[in-house]
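Topology and contacts: notes
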Amino acid sequence: MPKRIVIAIDGPASSGKGTVARAVARSLGFAYIDTGAMYRCVALLASRAGLSLSDADGLSQLTDRLRFEFVWLGGMLSIVVNGEDLSDAIRFESVGRGASNVAVHAQVRSALVLRQRAMADEGGVVMDGRDIGSVVLPDAALKIYLDASVDVRAKRRHQELIQKGQSIPLETIRAQVSERDQQDRERTESPLVQVDDAVYLDTSALSPQQAAQIIIDLAWERA
Ligand code: DC
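Residues numbered from 1 in each chain as written. Predicted model: local features only at pLDDT ≥ 70, side-chain atom pairs only at ≥ 80, totals over all residues. Heavy atoms only, no water.

What about the overall build of the protein?
As a reminder of what qualifies: Secondary structure elements follow DSSP: runs of H or I no shorter than four residues count as helices, runs of E no shorter than two count as strands, and numbering proceeds from the N terminus. As a reference, a globule follows 2.2 Å times the number of residues to the power 0.38, and the radius of gyration itself is taken over C-alpha atoms. A 1.4 Å probe rolled over the protein chains alone gives each residue an accessible area, and that area as a share of the maximum for its type sets the label: buried under 20%, exposed over 50%, partly exposed in between. Here, two residues are considered to be in contact whenever any of their heavy atoms come within 4.5 Å of each other. Method for areas: the Shrake-Rupley scheme with a 1.4 Å probe, in which residue coverage is limited to the protein chains shown.
Across its full length, the protein carries nine helices and eight strands. On C-alpha atoms alone, the protein measures out to a radius of gyration of 16 Å, which is about the 17 Å that the 2.2 N^0.38 rule sets for 223 residues. Seen through its C-alpha atoms, the protein measures out along the principal axes to roughly 50 × 40 × 40 Å. Across the 223 residues of the protein, 51% fall into the buried class. A separation of at least 24 residues holds for 75% of the contacts in the protein among residues at least 6 apart in sequence. Summed over its atoms, the accessible surface of the protein is roughly 10300 Å², and 51% of this surface lies on carbon and sulfur atoms.

Notes on the sheet that holds strand 4 (residues 76-81)
The test is simple: Two strands qualify as a pair provided DSSP detects at least 2 bridges between them. In this analysis an axis means a line fitted to C-alpha atoms, helices contributing only their contacting stretch, and an angle means the value between N-to-C directions, from 0 to 180 degrees.
Overall, antiparallel pairing links the three strands, which are arranged 3-4-5 in an open sheet. Among the strands making up the open sheet, the edge pair consists of strand 3 (68-73) and strand 5 (84-85). Bridge analysis of strand 3 against strand 4 gives six bridges, and the strand direction is antiparallel. Opposite Glu69, over in strand 4, you have Val80 as the bridge partner. Contacts from helix 2 (residues 35-48) reach strand 3, strand 4 and strand 5 within the one sheet, and its direction differs from that of strand 4 by about 45°.

Observations concerning the site of the ligand
Note the cut-off: Definition of nearness: a residue and a molecule or strand are near each other if at least one heavy atom of the residue lies within 4 Å of the molecule or strand. Think of a polar contact as two N or O atoms within 3.5 Å of one another; within protein, one of them needs to be a possible hydrogen donor and the other a possible acceptor, and neighboring residues in sequence only count if both atoms come from side chains. Residues are grouped as follows: nonpolar covers Ala, Val, Leu, Ile, Met, Phe, Trp, Tyr, Cys and Pro; charged covers Asp, Glu, Lys and Arg; every other residue, Gly included, is treated as polar.
The full set close to the ligand counts 16 residues, and Arg40, Asp131, Arg180, Asp184 and Arg187 are the nearest of them. Between the ligand and Arg109, the relevant distance is 2.8 Å, taken from an oxygen atom to a side-chain nitrogen or oxygen of the residue. Separating an oxygen atom of the ligand from a side-chain N or O atom of Arg130 is a distance of 2.9 Å. In the complex, 96% of the free accessible area of the ligand, which totals 450 Å², lies under the protein chains. Counting residues per element, the ones that place at least two in the shell around the ligand are helix 2, helix 4 (93-102) and helix 8 (170-186). Broken down by element, the residue count for the shell around the ligand peaks at four residues, all from helix 2. Along the lines of polarity and charge, the residues of the shell around the ligand split into four nonpolar, four polar and eight charged.

Printed below as a string of structure tokens:
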């Protein structure tokens, strides 16, 4: 196992971050923290509570009351919030859009960033999101910017949804992916950017295993 470094992986929606980051973490024996899941949980719980996703104060009060745990349940890495497993409920595209909406608020971000930094405190972590290399863990030993063309990302998402029994036309998914990209790239607070010291990795023509192996090799070099 390489020294317990911190690996930051950023990139747009459906670039393969989750699958790749999980494979890297498993291979290195590191923890995996999916920060997108945290924003998704805030969006889901806000909707359940009848909060508007533009109510920054209400959202930040809600976020302050949440306790996040990433735990292995039945061979799957689950996100448990205040004792409730929300892993499946947050995987709908509507929740992804909600997450992108709550993520524009500085107060929500700062509350989540504090928790994310605490989770990476002891090293040996792979963390993925939009602002990990730029804001959450600027000192990460290895930063990756994972990308893929919008067509490839829309097709991947389409396949994923079919496997979950959700049938949404490819064109609709492509439009949703592009819209989310634009919002995540153009927001004022911690927009998605490729930082100078990140390694750019286009996964359009790579399998998740190939992409993961490139990152694992880089981790050994950096460690
Ligand atoms: O990675 P994901 O698709 O699960 O993320 C959902 C949304 O959460 C994404 O569109 C923007 C937001 N997000 C963010 O702003 N910062 C992060 N570090 C992770 C996600």
